[in-house]
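Architecture and fold: a report
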Amino acid sequence: MVCLGNICRSPMAEGILRHKAEKEDLDIEVDSAGMGPWHVGENPDYRANFTARKYGVDISTLIARQFHESDFDRFDKIYVMDRNNFADVVSQARTDEDIKKVDLILNLTKPGSNKPVTDPYYGGDEGFDKVFALLDKACDVLVNSLK
Ligand code: 4NP
């Protein structure tokens, strides 16, 4: 799960997916990363943390890190939140196989729509509820496809 800062959208996506995978007893590795360096080493934004906790998902101990080229080797799929993330991740791809791993996460719910999960960082708390709901649906689709 990849976003810009790795403190709002992608840690929520990581927590949601891990929570659902554990419930379904799926043996998958889940992680998240950001494209920017600003928040490396920090825990998620308090609003992301609060919102996730409200829905029973604990992301309080996650620690932000930056995306690295080696993530193409570690993961089968790389879900990004918006088109900027997509372009940034693809710019680090080494092969066509790497590029094929990358997709916008909302294409899980609406295939081919290329809709973004809009950055809630500069808005109010309600933006985080909206992000949670979008990511929750997308992760349901993903988990169902892996069962
Ligand atoms: P995220 O939100 O990409 O969902 O983690 C952001 C958080 C911080 C910044 C940008 C986006 N920032 O520029 O500090």
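No experiment lies behind these values; they were computed from the predicted model shown.

**Points about the site of the ligand**
Every residue close to the ligand is listed here: Cys3, Leu4, Gly5, Asn6, Ile7, Cys8, Arg9, Trp38, His39, Asp119, Tyr121 and Tyr122. Within the backbone of Gly5, one N or O atom sits 2.8 Å away from an oxygen atom of the ligand. One of the side-chain N or O atoms of His39 is found 2.7 Å from an oxygen atom in the ligand. Contact with the protein chains removes 92% of the 350 Å² of surface that the ligand exposes when unbound. For the shell around the ligand, a count of residues per class yields 7 nonpolar, 3 polar and 2 charged.

**A few points about the packing of helix α2 (residues 46-54) against helix α6 (residues 126-146)**
Viewed as axis vectors pointing N to C, α2 and α6 meet at an angle of 55 degrees, and their least axial separation amounts to 9 Å. One element, α2, and the other, α6, form an angle in the oblique class. Between α2 and α6 lies a crossing of right-handed hand. Across the interface between the two elements, Arg47, Ala48, Thr51, Ala52 and Lys54 of α2 pack against Phe128, Asp129 and Phe132 of α6. Split by residue class, the contact of α2 with α6 holds 4 nonpolar, 1 polar and 3 charged.

**Focus on the packing of helix α1 (residues 9-23) against α6**
Where α1 contacts α6, the axes come no closer than 9 Å and their chain directions differ by 40 degrees. In terms of their interaxial angle, α1 and α6 are classed as oblique. For the element pair α1 and α6, the recorded crossing hand is right-handed. Counted together, Arg9, Met12, Ala13, Ile16, Leu17, Lys20 and Ala21 of α1 and Phe128, Val131, Phe132, Leu135, Asp136, Cys139, Asp140, Leu142 and Val143 of α6 form the full contact between these two elements. For the contact of α1 with α6, the residue count by class is 12 nonpolar, no polar and 4 charged.

**Some points on the side chain of Lys20**
Inspection of the secondary structure assignment puts Lys20 in helix α1. Not counting chain neighbours up to four residues away, the residues in contact with Lys20 comprise Asp136, Cys139, Asp140 and Val143.

**Quick look at the packing of aromatic side chains**
One pass over the structure, following the stated rule, counts 3 aromatic pairs. When the ring of Phe67 is compared with that of Phe72, the centres are 5.5 Å apart and the planes differ by 85 degrees; the resulting orientation is edge-to-face. For Phe72, a relative accessible area of 1% puts it in the buried group. With a centroid separation of 4.8 Å and an interplanar angle of 80 degrees, the aromatic rings of Tyr121 and Tyr122 are classed as edge-to-face. Tyr121 sits in the partly exposed class, given a relative accessible area of 28%.

**Notes on the side chain of Thr51**
In this structure, Thr51 sits in helix α2. A distance of 2.8 Å separates a polar atom in the side chain of Thr51 from the backbone oxygen of Arg47. When residues no more than four places from it in sequence are discounted, the contact partners of Thr51 are Met12, Phe128, Asp129 and Phe132.

**Some words on the pattern of salt bridges**
The final tally for this structure, using the stated rule, is 17 salt bridges. Where Glu29 meets Arg74, a salt bridge forms, and the shortest distance between an N and an O atom there is 2.8 Å. Taken together, the positions of Glu29 in the loop between α1 and β2 (33-34) and Arg74 in helix α3 (residues 71-74) put the pair 45 residues apart, joining distant regions of the chain. A relative accessible area of 41% places Arg74 in the partly exposed class. One salt-bridge network, held together by shared partners, links Glu29, Asp31, Arg65, Asp71 and Arg74.

Procedures and definitions
Residues numbered from 1 in each chain as written. Predicted model: local features only at pLDDT ≥ 70, side-chain atom pairs only at ≥ 80, totals over all residues. Heavy atoms only, no water. Near = heavy atom within 4 Å. Polar contact = N/O pair within 3.5 Å; in protein donor to acceptor, adjacent residues only side chain to side chain. Areas by Shrake-Rupley, 256 points an atom, 1.4 Å probe, with all protein chains shown as cover. Nonpolar A, V, L, I, M, F, W, Y, C, P; charged D, E, K, R; others polar. Axes fitted to C-alpha atoms, helices over the stretch in contact; angles between N-to-C directions. Helix = DSSP H or I, 4+ residues; strand = E, 2+ residues; numbered from the N terminus. Parallel < 35°, antiparallel > 145°, perpendicular 65-115°, else oblique. Left-handed = near helix turned anticlockwise from the far one by under 90°. Contact = heavy atoms within 4.5 Å. Phe/Tyr/Trp six-rings, centres within 6.5 Å; stacked < 30°, edge-to-face > 60°. Buried < 20%, exposed > 50% of the residue type's maximum accessible area, 1.4 Å probe, protein only. Salt bridge = Lys/Arg side-chain N within 4 Å of Asp/Glu carboxyl O.

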